[in-house]
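# Coordinate inspection notes
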Amino acid sequence: QIEKPALANAVWACTREDWSYLNPQINANNNWNAESLDQTKLPFATANDPRSFLDSSSFSHSEESTRSLKKSLGSRSVSSRSSSESVGQSSDSGSPMESPVGTPFGSPIDCPFGSPVGRFEQQQSISDNRGKQHKEGKLGKASATQPTKSKKSGEEFEDLQKATDGQVVAKKLKQISKQWTTGREPVGQVQRKVKCLCEKVVEVTPSLTTSDVCRTVDALAELSSRDSVFRNCLASSQDMFNALAMHACKPEIKSLLTGRQATRLIWALAKLGIQDNNLVKEVSTRMMECDVLSQLSAQDISMTIWGMAKARSAHLPLLEALAHEVVSKPGLLDEFEAQSVANTVWGLATLGVRRDELMIAIADRTLVGGFLETFKPQNIANTAWAYAKLGMQHEKLLAAIGERMLQPGFLSTFNAQDIANTVWAFAKLNFQNMTLMNNVAERTLQPSFLSSFNNQNVANTAWAFAKLGVKNELLMGAFAGRIMKGRSLSTFNAQDIANIVWAFATVGIRLDGFLEAIAARLQSGLLSTFNAQDIANTAWAFASLGFRKEGLMKDIARRCSQDGFLATFSSQALANTAWAFAELGIRNALLMQSIGDHIMQYGLLASFNAHNIATTAWAFASLGVQHKRLMTGIMKQMRQTAFLAGFNTQDMANILWAFATLEIRNPSLLAAIVKHVTQPDVLSTFNVQALSSLCWSFAAMRIQNEAAMEAIGTSIVNTSLIHTLSPKSIGDLSWSFATVAVNHGPLMSGVAQRVTEPGFLS
């Protein structure tokens, strides 16, 4: 089929007796004769005379021609059936030129319900009649060792339609599921058959036994997973699923479920994409009975948890029972193989069910010598993802996963999804492994590999590198190129774009052309799909990189001002959005007033930490926007016990600068702040720039506290970093001490030395 497609066509034509494969111009009725065959150019690759393979007088296979054809194909076997015997035997794609790689030429491949496709379907009745003649002719004398004849088109389905017994229907459906191959029938025909099939299942459901129910649902799941057309058609068959679910919940049916049957039932629901909480509850209740629970193997447990997660239908009591069973039953945990481990933890994480004892036990099982060697890349990725999703920090497990990934050649077997999930997990748990991240970057940058990343893979991987503080300009540049290629950027969704620009800003990589393209994409209407976190991250990223796009920021302000939208912002999102506008120097008084009003109206200050308080106050002061209610609320929040201890040096400098700039006076709070910052253990944490800002704020608010100014001056001198201060900071420092009339000799000497340094005044 690959090396010699013309020969494959010829073989197909022989086994089908459908000569249109050799010449599309032959009419659909196959009304041709020896003369037309002479005029037909048969594209055989191994013979000069095509008719040496065909008996042109009888238009059938002779034993001699079959032997000749076998010889030309070497050891490959070739069926010598007539066309009536060939109905239902076809490749996965309908014609020999379209058959999938790896399909042996002579292998009988079942067609769904025995129906052919393409040109051969148009000639079915004629081929069947001709097949009857062959049956009485040469092929009727075929050896008794000839393979058993397949049923003609539709016979399997007809048998199922005629059945009135539930057991027969269930068995027939299971048989069909094993024979089904994708793409053998037109969509319309599949739709009709699925409809009839569902009606038949509904009809016989009352007579189904426990085994029949499990066999039926299992067969439907198998068919659904094999064929997307079948799955789509099945999606509208709610009546059938309701009937099966109600029947399965009957006491006389449910009570006979074995552990394996219950497991397969939940698994099948997941494969079918059915969320039926009541059925899962009833089956789970049965599984919790001692006689059933004790039957469950490690694979059963992992399939059950995976099934509930996939169907988004959890039964917490069963999950608790399964977790206890795994931890307490001797030897059960040792039965877990790599796939079972990955499925179990993935299922728990997807359901958001964290059971520390179980997760620790599974991690210990995974760390048993040599066990991690059996994990495939997807097992590794899903396991790491699950622990991160549940916030389970298990450093030994992560270290072992890192070592496994760094084994020679193993990382090259990871696909894009595996890479993205694993590094996301390491970043989420803030687990540093620089060697691994460098190797992941090298793997990602390999030719053609980056092109296999989908949008979310790109966003998550970039986010992970940034979250871990790994600045790899080559990798980030490659990501930018991948995003900018063709129309790729237009396919990225809001969250992906927000995460990507956040990643670039976090590692401090500014690519103006890339940011211009991102801004244009956002202004094309995509901003309307952004949620609060996306808006905040995007605004923060552009501000952090100092990339000022007034049009974009106006659109962001407009989006924030939409009815009810600010109510979806977290305290951090509000603070970061306000900070972004202030950092870029874009004054939007209406937006800032709305943010202040929203914070105070809903009492959100209680959820603000020290950093958010300082950032918000600094933003309002920087833009010169007065909001007295907000500032009064901030001062009240800061007077709470131990709240001041949450401020770092930069936050404290910023909040004092904001109070001074907005001319806010609160003597009791300011006295508490002065007392707090002048403590030796606190003052020693301030850098020289923050100390300079502190002095200016005290002076601007006319805080007459000579002891505090002396302490700050001494601290600045002791840092020995006064020579690093900018002209503005030197000017503010000198002005501050002069304003409060404090003469600190060593400090003033240091200022004088700094000012007289060559080039400083220029």
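Scroll up for the structure.
Computed from a prediction, not measured in an experiment: that's the story for all the values here.

## Considerations on the overall build of the protein chain
- Counting its regular elements, the protein chain contains 41 helices and zero strands.
- Residue burial in the protein chain is summarised as follows: out of 762 residues, 54% are buried.
- When contacts within the protein chain are restricted to residue pairs at least 6 apart in sequence, long-range pairs at least 24 apart make up 78% of them.
- Here the protein chain has roughly 34000 Å² of accessible surface; of this, 50% comes from carbon and sulfur atoms.

## As for the pattern of salt bridges
- Counting across every chain of the model gives 19 salt bridges.
- Of the charged contacts in the structure, one is a salt bridge between Asp512 and Arg510, with a shortest N-O distance of 2.6 Å.
- The partly exposed category is assigned to Asp512, whose relative accessible area is 38%.
- If you follow the salt bridges from partner to partner, you end up with Lys174, Asp218 and Arg264 in one network.

## A word on the side chain of Arg404
- Here Arg404 lies in helix α22 (residues 395-405).
- Here Phe375 takes part through its backbone oxygen, which lies 3.4 Å from a polar atom of the side chain of Arg404.

## Some remarks on the packing of helix α38 (residues 688-700) against helix α40 (residues 727-739)
- In contact at an axis separation of 8 Å, α38 and α40 are set at 40° when each is read in the N-to-C sense. As far as their axial angle goes, α40 and α38 are oblique. Considering only the axes of α38 and α40, their crossing is left-handed. Facing α38, whose interface residues are Gln689, Ser692, Cys695, Trp696, Ala699 and Ala700, α40 presents Ser729, Asp732, Leu733, Trp735, Ser736, Phe737 and Thr739.

## Here we look at the packing of helix α23 (residues 416-428) against helix α25 (residues 455-467)
- For the pair α23 and α25, the least separation of the axes is 8 Å and the interaxial angle reads 30°. One finds that α23 runs roughly parallel with respect to α25. Here α23 runs over α25; the crossing is left-handed. Contacts between α23 and α25 pair Ala416, Gln417, Ala420, Val423, Trp424, Ala427 and Lys428 from the former with Asn457, Asn460, Thr461, Trp463, Ala464 and Lys467 from the latter.

## Notes on the nonpolar core
- Ranked by internal contacts, the top residues of the largest apolar core, which has 240 residues, are Ile634, Met638, Phe647, Ile655 and Phe698.
- The contact partners of Met638, leaving out residues within four places of it in the chain, are Ile613, Phe643, Leu644, Phe647, Ile655, Phe659, Leu669 and Ile673.

## What about helix α14 (residues 259-272)?
- For α14, built from 14 residues, the straight-helix expectation of 20 Å at 1.5 Å per residue is met to within 8% by its first-to-last C-alpha distance of 20 Å.
- Most of α14 is tucked away: eleven of the 14 residues are buried.
- Of the positions making up α14, those classed as buried are Gly259, Gln261, Ala262, Thr263, Leu265, Ile266, Trp267, Ala268, Leu269, Ala270 and Leu272.
- Where the residues of α14 are buried, they touch α10 (210-226), α11 (228-234), α12 (238-248), α15 (277-287), α16 (290-293) and α17 (298-310).
- Among the residues trailing α14, Gly273 stands out with phi positive, at a value near 70°.

## Looking at the packing of aromatic side chains
- Scanning the model with the defined rule gives 14 aromatic pairs in all.
- Each ring, one from Phe371 and one from Phe375, has its centre 5.3 Å from the other, and the planes form 90°; the classification is edge-to-face. Both residues of the pair, Phe371 and Phe375, count as buried.
- Look at Phe426 and Phe431: their rings are 5.6 Å apart centre to centre, the planes differ by 70°, and that puts the pair in the edge-to-face class.
- Relative accessible area serves as the criterion here: at 12%, Phe431 is assigned to the buried category.
- Among the aromatic side chains, those forming a connected cluster through ring pairs are Trp424, Trp463, Trp502 and Trp540.
- Here Arg264 stacks its cationic end above the ring of Trp267, 4.4 Å away from the centre of that ring.
- The ring of Phe565 has Arg559 lying over it, and the distance from NZ or CZ to the ring centre is 3.8 Å.

## Side note on unusual backbone geometry
- A positive phi is found at Arg312, a non-glycine position, where the angle reads about 50°.
- Considering the arrangement of structural elements, one finds Arg312 in the loop between α17 and α18 (316-328).
- If you check the backbone angles, Ser448 has positive phi at about 75° while not being a glycine.
- Following the sequence through the fold, Ser448 ends up in the loop between α24 (434-444) and α25.

Thresholds, definitions, all that
Residues numbered from 1 in each chain as written. Predicted model: local features only at pLDDT ≥ 70, side-chain atom pairs only at ≥ 80, totals over all residues. Heavy atoms only, no water. Helix = DSSP H or I, 4+ residues; strand = E, 2+ residues; numbered from the N terminus. Buried < 20%, exposed > 50% of the residue type's maximum accessible area, 1.4 Å probe, protein only. Contact = heavy atoms within 4.5 Å. Areas by Shrake-Rupley, 256 points an atom, 1.4 Å probe, with all protein chains shown as cover. Salt bridge = Lys/Arg side-chain N within 4 Å of Asp/Glu carboxyl O. Polar contact = N/O pair within 3.5 Å; in protein donor to acceptor, adjacent residues only side chain to side chain. Axes fitted to C-alpha atoms, helices over the stretch in contact; angles between N-to-C directions. Parallel < 35°, antiparallel > 145°, perpendicular 65-115°, else oblique. Left-handed = near helix turned anticlockwise from the far one by under 90°. Core = buried A, V, L, I, M, F, W, Y, C linked by side-chain atoms within 4.5 Å. Expected span 1.5 Å × (residues − 1). Phe/Tyr/Trp six-rings, centres within 6.5 Å; stacked < 30°, edge-to-face > 60°. Lys NZ or Arg CZ within 6 Å of the ring centre and 35° of its normal.

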